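# Reading the structure
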There are 6 protein chains.
Amino acid sequence: MKHQLSQKTRSKLEKVSTATIATALFKAGFKNQFIQDVHPLKIKEKTMVGQAFTLRYIPAREDRNGIEVFRNPDHPQRIAVETCPKDYVMVIDSRKNARAASAGSILVTRLMKRGVAGIVTDGGFRDSSEIAELPFSSFQNRASAPTNLTLHEALDIDVPIACGDVAVFPGDVVVGDADGVIVIPIEIAEELAEQCINMTLYEDFVLQRVQEGSAVIGLYPLTDPKIQKEFDLWKSKKHTK
Amino acid sequence: MKHQLSQKTRSKLEKVSTATIATALFKAGFKNQFIQDVHPLKIKEKTMVGQAFTLRYIPAREDRNGIEVFRNPDHPQRIAVETCPKDYVMVIDSRKNARAASAGSILVTRLMKRGVAGIVTDGGFRDSSEIAELPFSSFQNRASAPTNLTLHEALDIDVPIACGDVAVFPGDVVVGDADGVIVIPIEIAEELAEQCINMTLYEDFVLQRVQEGSAVIGLYPLTDPKIQKEFDLWKSKKHTK
Amino acid sequence: MKHQLSQKTRSKLEKVSTATIATALFKAGFKNQFIQDVHPLKIKEKTMVGQAFTLRYIPAREDRNGIEVFRNPDHPQRIAVETCPKDYVMVIDSRKNARAASAGSILVTRLMKRGVAGIVTDGGFRDSSEIAELPFSSFQNRASAPTNLTLHEALDIDVPIACGDVAVFPGDVVVGDADGVIVIPIEIAEELAEQCINMTLYEDFVLQRVQEGSAVIGLYPLTDPKIQKEFDLWKSKKHTK
Amino acid sequence: MKHQLSQKTRSKLEKVSTATIATALFKAGFKNQFIQDVHPLKIKEKTMVGQAFTLRYIPAREDRNGIEVFRNPDHPQRIAVETCPKDYVMVIDSRKNARAASAGSILVTRLMKRGVAGIVTDGGFRDSSEIAELPFSSFQNRASAPTNLTLHEALDIDVPIACGDVAVFPGDVVVGDADGVIVIPIEIAEELAEQCINMTLYEDFVLQRVQEGSAVIGLYPLTDPKIQKEFDLWKSKKHTK
Amino acid sequence: MKHQLSQKTRSKLEKVSTATIATALFKAGFKNQFIQDVHPLKIKEKTMVGQAFTLRYIPAREDRNGIEVFRNPDHPQRIAVETCPKDYVMVIDSRKNARAASAGSILVTRLMKRGVAGIVTDGGFRDSSEIAELPFSSFQNRASAPTNLTLHEALDIDVPIACGDVAVFPGDVVVGDADGVIVIPIEIAEELAEQCINMTLYEDFVLQRVQEGSAVIGLYPLTDPKIQKEFDLWKSKKHTK
Amino acid sequence: MKHQLSQKTRSKLEKVSTATIATALFKAGFKNQFIQDVHPLKIKEKTMVGQAFTLRYIPAREDRNGIEVFRNPDHPQRIAVETCPKDYVMVIDSRKNARAASAGSILVTRLMKRGVAGIVTDGGFRDSSEIAELPFSSFQNRASAPTNLTLHEALDIDVPIACGDVAVFPGDVVVGDADGVIVIPIEIAEELAEQCINMTLYEDFVLQRVQEGSAVIGLYPLTDPKIQKEFDLWKSKKHTK
């Protein structure tokens with residue numbers, strides 16, 4: 001049975017950063033879960049969180065990728081757009097090739113309307129300024145106007161893929177913020193989310209202290225027992241508010 | 001005789017996106033007209049449209065590129081800036097090398113004052129924040145402070161060049177928006193502009209429908225005769241407004 | 001004895017651009033002082049100026065870079081953050097590798113609180129949106145969430161380094177604006193700053209003239225004696241204001 | 001039903017070069033069938049020809065790629081090696097990543113013993129000098145000692161893949177010589193092979209003429225009717241030998 | 001006290017391949033010890049083995065790197081050549097920049113005469129064909145004629161460096177063969193060498209079996225108890241020879 | 001009037017290496033004359049020397065580069081092959097793009113038969129093994145089978161070009177050996193050749209000494225007056241032989 005991301009875990013992950021998640025993954029032995037060189041089209045208030053629904057592109061061969069292929073109602077790219085589950089993130093393996101678009105504003109708008117949580121490609125989007133302005137999370141390498149048929153053939157839906165040098169398995173948890181996108185194996189998402197909440201709490205304390213003038217040694221990471229006590233106090237006050 | 005871009009075609013192209021143009025070019029058999037990895041310094045309301053006036057750089061050789069060369073009133077870069085026709089776009093072949101500047105704010109301001117439509121380099125500009133704030137379209141790979149003499153020698157004016165892996169012939173129509181810059185062979189610009197206007201009209205209809213909740217299959221591309229009728233109605237209403 | 005950047009020279013450099021400095025360095029025989037492909041996280045009003053305090057990273061080896069290393073109060077990265085002198089710029093040699101972070105918001109905030117003038121890496125920062133919003137100058141290649149332990153081991157403090165293909169010696173003057181970051185050998189900083197002030201004055205005059213409609217030939221560079229007189233007049237008026 | 005490469009077509013393709021095939025494919029509308037930046041480990045007398053049997057790698061995730069995975073008799077890489085059909089070419093999608101090996105000499109030797117026609121990766125092989133010396137065709141980007149578990153997880157067997165920016169479908173005809181590797185869609189292989197035989201015959205005639213001192217204009221391509229006659233004569237003599 | 005490579009360990013390492021060492025390092029938790037994209041100038045019979053003596057280059061600054069600097073008897077590059085211990089391998093951090101030479105045939109010949117075991121750069125050598133023909137191990141990215149002063153300043157001797165994305169600590173054991181160069185932390189060299197000897201013995205058995213027609217499953221890795229017995233027998237026979 | 005390379009200067013340059021020329025150019029203020037990442041198809045006994053005859057390619061546009069264009073007797077590539085002067089080197093600006101061929105064996109053979117001295121591209125050749133075996137100097141980045149029409153349009157003959165990041169002016173002297181290709185401005189070729197002969201003489205002396213066991217300090221460069229005397233003696237003996 002496939003793992004599901006619980007609402008509780010999702011809520012936790014929405015409150016933590018990809019940087020904190022990266023550290024938690026590092027501690028758990030995962031050093032290569034950050035999708036490389038992929039950025040938000042526009043930085044959004046809300047962190048993107050959702051399970052991965054994947055789309056695999058291979059290089060386009062001319063005889064298979066004329067403009068007419070989209071007339072086929074079973075074209076994998078269109079099927080993907082209409083079947084990606086609500087609250088999932090569509091992740092596209094564009095082989096790090098942004099010389100043609102992975103998708104454009106119409107398909108991305110459709111995903112948004114269908115309740116999808118976001119879209120990620122290690123290539124690029126066309127109509128990038130329209131996509132950037134949607135109330136929807138989108139991540140790419142760089143904008144690219146050419147139709148995806150120019151270089152990409154959508155081949156597979158919901159298979160394990162590579163995206164920005166990261167293995168993405170369908171159902172993995174995908175989190176995106178200003179730094180970029182990170183992938184959490186679904187099996188450890190619940191435990192890792194809880195750990196990240198605790199790490200974030202301490203980082204908030206640290207940042208407040210540093211803003212007040214504290215040095216980082218002893219404080220970050222916590223090695224000074226005195227600071228441990230101060231943190232415990234700070235935490236209890238915070239909770240009683 | 002050289003082709004001229006008519007005001008009518010220019011107006012049409014100002015109303016369509018580089019993405020739509022890329023699709024129309026793809027249909028016409030042109031798959032490599034989008035200048036790769038070149039971006040607006042700042043996204044402007046108005047789409048840049050103009051015929052190409054080109055400038056070719058080769059690598060700078062030390063004995064030919066001392067700081068004194070700009071004292072020569074016949075230096076090709078300066079001649080280019082003073083002779084680029086009004087409403088044209090200056091396109092610079094910087095060999096995709098942004099390690100030194102292709103131009104700076106003084107020259108770009110001069111182009112603007114002379115009525116030029118925009119400037120494109122597959123290298124970079126210095127004084128990039130000043131250029132970005134001008135009411136003028138400018139596209140580059142990335143900002144670069146070093147004087148162009150460091151790495152570039154301006155050699156030829158208005159010859160066919162490469163820019164971002166695209167062939168640019170003098171007089172070709174250059175269109176730029178948030179996605180980047182695309183080059184339309186002048187011979188097909190008129191017909192292609194008309195086609196893009198029609199495609200854009202349909203895309204507007206599609207986007208409205210998708211925003212209202214329609215699925216894309218049957219709608220985009222149009223394969224459902226019922227939607228054809230709805231589109232015809234929508235179009236007639238739109239025109240009677 | 002080590003050279004010190006005087007307040008007077010610092011003030012001058014705050015009034016000139018990296019582009020002008022690059023030209024002055026070119027005239028002085030320095031063609032490779034611009035840190036390549038490094039950009040401000042956010043463009044700031046104030047130009048960053050400070051002497052270089054360097055940090056050298058080498059690739060992380062797994063047995064030397066477990067998460068526990070930061071518990072060591074003598075870890076070079078933490079020592080660097082607590083010892084970088086006030087008004088200096090921390091410059092990190094990340095070997096142009098942005099696949100893991102060079103630092104995050106806590107350390108950068110600490111540097112800011114300690115009065116450091118800015119931070120530069122040829123890799124990337126995590127927590128990039130928080131760092132961008134600080135009233136502090138920061139420059140990177142691109143954002144990167146993974147902890148620096150993933151790929152970087154902080155090894156040396158205040159030794160000559162490479163950053164973005166530029167040699168950076170401790171004490172060199174580092175200047176950063178929207179175009180990026182340039183490095184001035186400390187030995188020539190005073191003289192070069194004065195020269196840049198004069199160049200900037202003339203460039204301001206040129207830009208005003210170009211905005212008023214002047215052509216660039218004869219004006220930029222100045223070869224027309226008539227314009228020399230006009231500039232002298234303009235300068236004297238400016239000074240009497 | 002899947003197409004099969006006939007012995008006749010195979011024999012023809014063994015007599016022509018990848019360059020000639022590339023031209024024939026260009027004429028047929030295929031411009032992107034040459035696997036980029038992949039080279040023979042050692043140039044062999046015999047041209048490699050075989051249908052593609054594919055293996056898809058994705059990035060290795062640490063928890064799924066410990067050294068023990070190869071103990072699993074169903075590991076896809078080992079299954080691939082034991083099931084790749086005789087006379088086929090194993091083509092590996094290594095995502096153009098040669099930082100870890102795609103395979104080593106033991107597996108390649110096993111493929112050779114099983115009668116496989118060759119192996120191609122857009123990554124690299126370990127034990128490269130042993131593989132080079134085998135009487136077996138092998139193509140890679142560059143040698144690479146790390147075990148493939150370091151960066152690659154073998155995931156799929158005999159699905160369409162990307163290799164060196166080319167779409168490779170199982171059953172396509174893969175031809176390799178000193179220039180590299182080209183992929184012929186199986187549907188057109190027979191016709192294209194015949195065409196290549198004819199082109200090669202004419203190229204042999206041209207090369208002989210050029211060696212004897214002829215100019216290329218009129219001769220290559222053939223536009224001079226006189227040369228047509230000479231070629232017809234040459235051809236008939238050749239056949240009567 | 002610094003670790004020394006014993007003659008016994010050296011002898012073992014001379015009998016194993018970088019591929020086998022890479023696997024042993026992988027098992028020990030080291031995944032990034034293979035110097036990337038560095039190749040032998042000529043494949044030699046004998047495997048290069050020696051402890052690392054390092055040389056660190058930074059980018060050349062024009063005022064510090066005139067042709068006269070080599071007249072200084074204390075120039076670090078020349079000192080390095082005259083002080084690199086016998087049987088060590090000189091490893092140069094050229095920042096993966098082969099656009100100018102790391103060294104030429106005179107210096108490499110001098111190293112050879114001094115009894116050094118080999119030289120490695122992640123840049124390139126000039127006089128590459130002379131160096132290739134020496135009875136001496138040399139590894140580079142690609143040949144490069146320009147004098148190293150053009151882009152490199154030799155700065156430090158025998159400090160930890162990066163070479164081809166690998167951390168190299170003075171005294172680490174450097175092994176090079178046809179696949180390239182791998183770095184073994186000196187602390188584990190002895191144990192790892194012994195392990196590699198055993199692995200190599202088994203690989204020799206496997207390769208013999210595969211050449212004789214065996215399948216790899218059960219054999220490589222060894223999971224079939226029957227094969228274990230056969231191997232034990234083979235081993236005992238081999239030893240009694 | 002255009003400079004001509006004298007037979008005397010040519011003979012001198014045939015006796016020196018590109019490495020020695022690079023050093024002499026460095027002394028003369030030229031730091032960027034070595035064509036980057038271009039290598040001999042096969043290392044030849046004889047050094048290639050000849051003046052540059054250039055060919056400029058731009059990206060191919062589909063409507064201008066059908067297979068039929070070669071039927072045009074005025075196609076620039078074919079004209080170039082038939083007009084490149086005897087003893088010149090054809091240098092092709094392929095924009096560092098080896099994804100399609102710059103030329104193939106027929107054209108290269110024709111150049112050889114016409115007495116041309118060699119061919120250089122910063123792209124690649126098809127039929128590379130045939131070209132490698134010709135008694136003719138050829139240099140490329142890497143082999144590439146696709147016809148040049150796929151990506152390149154030959155546009156200009158004998159104009160200044162970029163090749164491998166170097167400015168090449170028609171008539172410049174192009175020298176190629178195992179390290180690669182270097183470009184000498186024709187104006188300084190005579191003087192530089194003489195200087196290189198002297199440098200080579202001293203380097204031969206140095207290499208002999210180093211082979212005999214001398215240290216390099218004092219010897220290379222020559223700073224020890226005693227060695228000057230020994231060299232003078234060695235030189236006089238050599239000349240009297």
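Conventions used here
Residues numbered from 1 in each chain as written. Chains lettered and ligands numbered in written order. Predicted model: local features only at pLDDT ≥ 70, side-chain atom pairs only at ≥ 80, totals over all residues. Heavy atoms only, no water. Buried < 20%, exposed > 50% of the residue type's maximum accessible area, 1.4 Å probe, protein only. Helix = DSSP H or I, 4+ residues; strand = E, 2+ residues; numbered from the N terminus. Pairing = 2+ DSSP bridges. Least-squares fit on C-alpha atoms with pLDDT ≥ 70 in both. Axes fitted to C-alpha atoms, helices over the stretch in contact; angles between N-to-C directions. Parallel < 35°, antiparallel > 145°, perpendicular 65-115°, else oblique. Left-handed = near helix turned anticlockwise from the far one by under 90°. Contact = heavy atoms within 4.5 Å. Nonpolar A, V, L, I, M, F, W, Y, C, P; charged D, E, K, R; others polar. Phe/Tyr/Trp six-rings, centres within 6.5 Å; stacked < 30°, edge-to-face > 60°. Polar contact = N/O pair within 3.5 Å; in protein donor to acceptor, adjacent residues only side chain to side chain. Buried area = accessible area lost by both parts, 1.4 Å probe. Salt bridge = Lys/Arg side-chain N within 4 Å of Asp/Glu carboxyl O. Domains from an automatic or database assignment. pLDDT = per-residue confidence, 0-100.

For the rest of this paragraph, the subject is the pairing of strand E12 (residues 180–184) of chain B. All names here are of chain B. Counting buried positions over the five residues of E12 gives five, a clear majority of the element. With five bridges connecting them, strand E11 (residues 173–177) and E12 associate as antiparallel partners. Opposite valine 175, over in E12, you have isoleucine 182 as the bridge partner. Hairpin remark: E11 followed by E12, antiparallel, with two residues in the connecting loop.

Below, the discussion takes up the relation of the copies chain A and chain C. With an RMSD of 0.0 Å, the fit of chain A onto chain C corresponds to turning through 120 degrees and sliding 0.0 Å along the axis. The superposition operator between the copies reduces to a three-fold rotation axis. No C-alpha of chain A lies nearer the rotation axis than that of arginine 142 of chain A, which sits 7.3 Å from it.

This part covers the packing of helix H1 (residues 7–14) of chain C against helix H6 (residues 186–211) of chain C. Residue and element names in this part refer to chain C. One can describe the packing of H1 onto H6 by two numbers: an axis separation of 9 Å at closest approach and a directional angle of 40 degrees. Taken together, the axes of H1 and H6 lie oblique to each other. Crossing of H1 over H6 shows left-handed handedness. Mapping the contact onto sequence places Thr9, Lys12 and Leu13 in H1 and Ala189, Glu190, Ala193, Glu194 and Ile197 in H6. When the residues that make up the contact of H1 with H6 are grouped by side-chain class, the tally is four nonpolar, one polar and three charged.

Remark: helix H6 (residues 186–212) of chain A packs on helix H4 (residues 105–113) of chain C, axes separated minimally by 9 Å, with the N-to-C direction vectors making an angle of 10 degrees. Compared by their axis directions, H6 of chain A and H4 of chain C come out roughly parallel. Across from Glu203, Val206, Leu207, Val210 and Gln211 of chain A in H6 of chain A, the residues of H4 of chain C making contact are Ser105, Ile106, Thr109, Arg110, Met112 and Lys113 of chain C. Of the residues that constitute the contact of H6 of chain A with H4 of chain C, the class distribution is five nonpolar, three polar and three charged.

This part is about the packing of aromatic side chains. Following the criterion strictly, the structure yields 30 aromatic pairs over all chains and no others. Taken together, a centroid distance of 5.6 Å and an interplanar angle of 40 degrees make the contact between tyrosine 202 of chain F and phenylalanine 205 of chain F tilted. Of this pair, tyrosine 202 of chain F and phenylalanine 205 of chain F both sit in helix H6 (residues 189–212), three residues apart, which is roughly one turn of that helix. Of the two residues examined, tyrosine 202 of chain F and phenylalanine 205 of chain F, each falls in the buried class. Among the aromatic residues, ring-to-ring pairing joins Tyr202, Phe205, Phe231 and Trp234 of chain A into one connected group.

In this structure, arginine 110 of chain D sits in helix H4 (residues 105–113). Arginine 110 of chain D sits in the buried class, given a relative accessible area of 10%. Polar side-chain contacts of arginine 110 of chain D include one of 2.8 Å to the side chain of glutamate 82 of chain D. Leaving out residues up to four positions away in the same chain, arginine 110 of chain D has contacts with Val81 and Glu82 of chain D together with Val210, Gly213, Ser214, Ala215 and Val216 of chain E.

With that settled, the discussion passes to the arrangement of the chains. As for chain D relative to chain B, no contact occurs, and the smallest C-alpha gap between them is 11 Å. One finds no contact between chain B and chain E; the C-alpha atoms of the two approach each other to within 14 Å at their closest.

If you look at the interface, chain A gives 31 residues, while chain C gives 34 residues. A combined buried area of about 2,700 Å² lies between chain A and chain C, and 63% of that area is made up of carbon and sulfur atoms. Taken as a group, Phe26, Asp179 and Ile217 of chain A account for 21% of the area that chain A buries against chain C, more than any other trio of residues on that side. Put simply, chain A and chain C have two salt bridges between them. With a closest N to O distance of 3.5 Å, aspartate 37 of chain A and arginine 142 of chain C form a salt bridge. Counting only elements with at least two residues in the side of chain A that touches chain C, the list comes to helix H2 (18–27) and H6 of chain A. Residue contributions to the side of chain A that touches chain C peak at seven residues, all from H2 of chain A.

This part takes up the environment of glutamate 212 of chain D. When you line up the elements, glutamate 212 of chain D lands in helix H6 (residues 186–212). Sequence separation between glutamate 212 of chain D and lysine 42 of chain D is 170 residues; the distance between their C-alpha atoms is 31 Å.

Next up on the list: the interface of chain B and chain C. Between chain B and chain C, the residue contacts involve 34 residues of the former and 31 residues of the latter. Interface of chain B and chain C: buried area, both sides summed, is about 2,600 Å²; carbon and sulfur atoms make up 63% of it. Counting across the interface, chain B meets chain C through 13 residue pairs in polar contact (both at pLDDT 80 or more). Of all the secondary-structure elements, those providing two or more residues to the side of chain B that touches chain C are helix H3 (76–83), helix H4 (105–113) and helix H5 (128–133) of chain B. Of the residues assigned to the side of chain B that touches chain C, the class counts are 15 nonpolar, nine polar and 10 charged.

Further remarks concern the side chain of serine 94 of chain F. Residues and elements named next belong to chain F. As for its position among the elements, serine 94 is in the loop between strand E3 (88–93) and strand E4 (101–103). Within the local environment of serine 94, its side chain forms a polar contact with the side chain of serine 102, the two groups lying 2.8 Å apart. The residues touching serine 94, leaving out its near neighbours within four places in the chain, are Tyr57, Ser102, Thr121, Asp122, Gly123 and His152.

What follows is about the domain arrangement of chain A. Here chain A is partitioned into domain 1 (32–184) and domain 2 (192–239). Between the C-alpha centres of domain 1 of chain A and domain 2 of chain A there is a distance of 37 Å.

Here the focus is helix H2 (residues 18–27) of chain C. All names here are of chain C. Counting buried positions along H2 gives nine out of 10 residues, so the element sits mostly inside the fold. For H2, the complete set of buried residues consists of Thr18, Ala19, Thr20, Ile21, Ala22, Thr23, Ala24, Leu25 and Phe26. Among the structural elements, H1, strand E11 (173–177), strand E12 (180–184) and H6 are those in contact with the buried residues of H2. Glycine 29, located one to two residues past H2, shows a positive phi value of around 95 degrees.

Time to look at the pattern of salt bridges. Side chains bearing opposite charge may pair, as long as their charged atoms lie close to each other. In the structure shown here, the tally under the stated rule is 96 salt bridges over all chains. Note that glutamate 187 of chain F and arginine 61 of chain B form a salt bridge whose closest N and O atoms lie 3.9 Å from each other. Of this pair, glutamate 187 of chain F sits in the loop between strand E12 (180–184) and H6 while arginine 61 of chain B sits in the loop between strand E2 (48–59) and H3, on two different chains. Residue arginine 61 of chain B is classed as buried on the basis of its relative accessible area, which comes to 2%. Across the salt bridge formed by lysine 42 of chain F and glutamate 133 of chain F, the nearest N and O atoms sit 2.9 Å from each other. One end of the pair, lysine 42 of chain F, is in the loop between strand E1 (39–40) and strand E2 (48–59); the other, glutamate 133 of chain F, is in helix H5 (residues 128–133), and 91 residues separate them in sequence. Linked through salt bridges whose partners overlap, the residues forming this network are Arg61 and Asp63 of chain A together with Asp172 and Glu187 of chain D.

For chain A, the average pLDDT comes to 96, and 99% of its residues sit at 70 or higher. Predicted complex, confidence summary: ipTM 0.96, pTM 0.98.

Residue and element names in this part refer to chain A. Positionally, leucine 5 belongs in the segment before helix H1 (7–14). Judged by its relative accessible area of 11%, leucine 5 falls in the buried class. As for leucine 5 and isoleucine 197, which are separated by 192 residues in sequence, their C-alpha atoms are 16 Å apart.

The next thing to look at is unusual backbone geometry. Cis geometry marks the peptide bond from tyrosine 220 of chain A to proline 221 of chain A; its omega dihedral reads 5 degrees. Take proline 221 of chain A: it is sitting in the loop between H6 and helix H7 (225–240). The residue aspartate 87 of chain F is not glycine, and still its phi comes out positive at about 70 degrees. Its place among the elements puts aspartate 87 of chain F in the loop between helix H3 (76–83) and E3. You can call aspartate 87 of chain F partly exposed: its relative accessible area is 30%.

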